Amino acid sequence: MNSFCSPSAQAAPQVAVGSSQRRGPLRAGERVQLSDERGRLNVICLAPGGQFHTHKGFLDHDQIIGCPDGSRVTGSQGQRYHVFRPLLSNFVQSMPRGAALVYPKDAGQIVTMADIFPGARVVEAGVGSGALSISLLRAVGDHGYLHSIERRQEFADIARGNVQSLFGQVHPAWRITLGDLQEQVLKHEAPGSIDRVVLDMLAPWECLDAVARVLVAGGVWISYVATVTQLSRTAEAIRADGRFTEPLAWESMVREWHLEGLAVRPEHRMIAHTGFLLMTRRFADGAGPLSPRVQKKTFADEDLDAWLALESTKRPTSGRKLRRAARSAAEGTALAQDDSGT
Ligand SMILES: C[S@@+](CC[C@H](N)C(=O)[O-])C[C@H]1O[C@@H](n2cnc3c(N)ncnc32)[C@H](O)[C@@H]1O
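Because the structure is predicted, anything quoted here is derived from the model rather than measured.

Rules behind the numbers
- Residues numbered from 1 in each chain as written.
- Predicted model: local features only at pLDDT ≥ 70, side-chain atom pairs only at ≥ 80, totals over all residues.
- Helix = DSSP H or I, 4+ residues; strand = E, 2+ residues; numbered from the N terminus.
- Buried ≥ 20, exposed ≤ 12 C-beta atoms within 10 Å, placed from the backbone.
- Contact = placed C-beta atoms within 7 Å.
- Pairing = 2+ DSSP bridges.
- Axes fitted to C-alpha atoms, helices over the stretch in contact; angles between N-to-C directions.
- Near = placed C-beta within 6 Å.
- Nonpolar A, V, L, I, M, F, W, Y, C, P; charged D, E, K, R; others polar.
- Core = buried A, V, L, I, M, F, W, Y, C linked by C-beta atoms within 7 Å.
- Right-handed = clockwise from strand over helix to strand, strands pointing away.
- Parallel < 35°, antiparallel > 145°, perpendicular 65-115°, else oblique.
- Left-handed = near helix turned anticlockwise from the far one by under 90°.

Asks: Explain the overall build of the chain to me, and be specific about the residues and the numbers.
Replies: Looking only at helices and strands, the chain has 9 helices and 15 strands in total. Taking all 342 residues of the chain together, 35% fall into the buried category. Residue pairs in contact within the chain that sit at least 24 positions apart in sequence constitute 69% of those at least 6 positions apart.

Have a look at this one:
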């Protein structure tokens, strides 16, 4: 008999963090998604005695609490809804936010292409609203390690609230540090101790040396950037450094399809551009590119200065809006904790 496949040889599975939040009857403190007869969605946080109001009447939260996921409920004026526990992709798109977040289509690509495995030691920056942190934590699992570094306190607060709200508790694999990746990662992580680095920020090339130092030989570094100027600058910096493989760049587009009888066609609208992904791997020390690269003319410093000046004129999100988002993320956490007794 092949003992490799024998179930008796395997350890009994433990209950993974957050899995109990995804199962069982709908509970007070959970965010749920209501969809009406026209498919319109509303996300509400269930509270005992709470009510959801529209111009068509109201719906008591108590009617939903205790129901199975996917139930049908009826409001005060006979209006009908389906109620579902949001999937990770729904949760992320409706959670409080302060910065642009990594959409599920890109998070899926990052997890797979960066080869984020259960138990992996991963560094991520910036954290923004914590959307990508959630996918990374799911992938490293309870016995992995995700160190998220964020330079702005307000964003760190929003992310903390969102992550705890999704998992229902503080995730045992998560550590969040305030500051710049360039400094913090070298302060907290030993050289060659990190399996994967994931960056989503304006200037990933500024982190190149720090990433090269903490990344294990063979480790993966993936960057998510919004513009071609960032993509080009990061790729050229990686090439010039010599400690990384030739970078691979791509983007993904997801186009939904309309399905109705014989009218089966692509939807008219789609989110075509979110960002570009750029991936590379760390050579072992002493190993480098096999053949010297011919350095082509890239771009002039004036071009770069012009672009950076343009980026810095973008209106920053107001402190008031960020504090409101952080309060809303923290409310989700408090309700989830009350309910789970943590
Ligand atoms: C677009 S947001 C990240 C969104 C996040 N990935 C998500 O899915 O919600 C970019 C974040 O990077 C942070 N940031 C920029 N440069 C940084 C650096 N060098 N170190 C740490 N954080 C940085 C910014 O403050 C901002 O919160």
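Asks: Go over the sheet that holds strand E8 (residues 145–150), please, and point to the residues and values.
Replies: Read from one edge of the open sheet, 7 strands run E9-E8-E7-E10-E11-E15-E12, paired in mixed fashion. Both edges of this open sheet fall to strand E9 (174–178) and strand E12 (248–250), since each of them pairs with a single strand only. Put simply, the sheet's adjacent strands are angled 15° from each other on average, direction ignored. The strands that helix H4 (residues 153–167) touches are E8 and E9; relative to E9, the one it contacts most, it runs at about 165°. Of the strands in this sheet, strand E7 (121–125), E8 and E9 are in contact with helix H5 (residues 181–188), which crosses E8 at around 145°.

Asks: Outline the site of the ligand, supporting the account with residue identities and numerical values.
Replies: Among the 23 residues in the neighbourhood of the ligand, the closest are listed as Leu 101, Gly 126, Gly 128, Ala 131 and Met 201. Among the residues forming the shell around the ligand, the class breakdown is 13 nonpolar, 5 polar and 5 charged.

Asks: I'd like a rundown of the environment of Gly 70, residues and numbers included.
Replies: By the element assignment, Gly 70 lies in the loop between strand E4 (57–60) and strand E5 (71–74). Considered as a pair, Gly 70 and Leu 26 are 44 residues apart in the sequence and their alpha carbons are 9.4 Å apart. Residues contacting Gly 70, with those up to four places away along its chain left out, are His 82 and Phe 84.

Asks: Break down the sheet that holds strand E2 (residues 41–45) for me, with residues and values.
Replies: Read from one edge to the other, the open sheet built from 4 strands follows the order E2-E1-E6-E5, with strand pairing classed as antiparallel. The sheet is open, and its two borders are formed by E2 and E5, each paired with just one other strand. For this sheet, the mean angle separating the axes of adjacent strands, direction not counted, is 35°. In terms of strand pairing, E5 meets strand E6 (residues 80–84) through 4 bridges, oriented antiparallel. By the bridge assignment for E6, Thr 74 is matched with Arg 80.

Asks: Give a description of unusual backbone geometry that names residues and reports values.
Replies: The bulk of non-glycine residues show a negative phi, and the bulk of peptide bonds are trans. Here the residue pair Ala 125 and Gly 126 is connected by a cis peptide bond, since its omega of -20° sits within 30 degrees of zero. Among the structural elements, Gly 126 can be located in the loop between E7 and helix H3 (131–140). Backbone geometry places Asp 115, a non-glycine residue, at a positive phi of 60°. Residue position: Asp 115 is located in the loop between helix H2 (104–113) and E7. Residue classification places Asp 115 among the partly exposed residues on the basis of 15 C-beta atoms within 10 Å.

Asks: Go over the nonpolar core with me, naming the residues and quoting the values.
Replies: In globular proteins that are soluble, nonpolar side chains generally tend to be buried together. Counting residues in each nonpolar core, the largest one holds 66 residues, and the members touching the most others are Ile 110, Val 122, Leu 136, Val 140, Val 198 and Ile 222. The next biggest cluster of nonpolar side chains, apart from the first, holds 8 residues, and it includes Val 32, Ile 64, Ile 65 and Tyr 81.

Asks: Pulling in residues and values, what's your account of the pairing of E7?
Replies: Across the 5 residues of E7, 4 count as buried, placing the element largely inside the fold. Remark: the E7/H3/E8 crossover connection has right-handed handedness. The pairing of E7 with strand E10 (residues 194–200) spans 4 bridges and is parallel. Residue Val 122 lies in a different strand from E10, and its bridge partner there is Arg 196.

Asks: Go over the pairing of strand E1 (residues 31–35) with me, naming the residues and quoting the values.
Replies: Pairing of E1 with E2, which is carried by 5 bridges, proceeds in the antiparallel orientation. Among the inter-strand pairings, Arg 31 is bridged to a residue of E2, identified as Cys 45. Here E1 pairs with E6 via 3 bridges, running antiparallel. Each residue of the ladder has a partner; that of Gln 33, found in E6, is Phe 84.

Asks: I'd like to hear about the environment of Ile 44, residue by residue, with values.
Replies: Topologically, Ile 44 is positioned in strand E2. When the C-alpha atoms of Ile 44 and Leu 34 are compared, they prove to be 7.6 Å apart, with 10 residues separating the residues in sequence. With residues near it in sequence (within four places) discarded, Ile 44 still touches Val 32, Leu 34 and Phe 52.

Asks: Go over the packing of H2 against H3 with me, naming the residues and quoting the values.
Replies: How two helices sit against one another is set out by the angle between their axes and by the gap between those axes. One can describe the packing of H2 onto H3 by two numbers: an axis separation of 10 Å at closest approach and a directional angle of 40°. In terms of their interaxial angle, H2 and H3 are classed as oblique. Helix-helix and strand crossings are classified by hand; for H2 and H3 the assignment is right-handed. Here Ala 107, Ile 110 and Val 111 of H2 lie close against H3, whose contacting residues are Ala 131, Leu 132, Ser 135 and Ala 139.

Asks: Account for the packing of H3 against H4, with residues named and values stated.
Replies: Between H3 and H4, the least distance of the axes is 9 Å, while the angle of their chain directions is 40°. Classed by the angle they form, the pair H3 and H4 counts as oblique. Regarding H3 and H4, the two cross each other, and that crossing is right-handed. Note on element contacts: H4 touches H3 through Ala 159, Val 163 and Leu 166, opposite Ser 133, Ile 134 and Leu 137. By residue class, the composition of the contact of H3 with H4 is 5 nonpolar, 1 polar and no charged.

So yeah, pure geometry; function would need other evidence.
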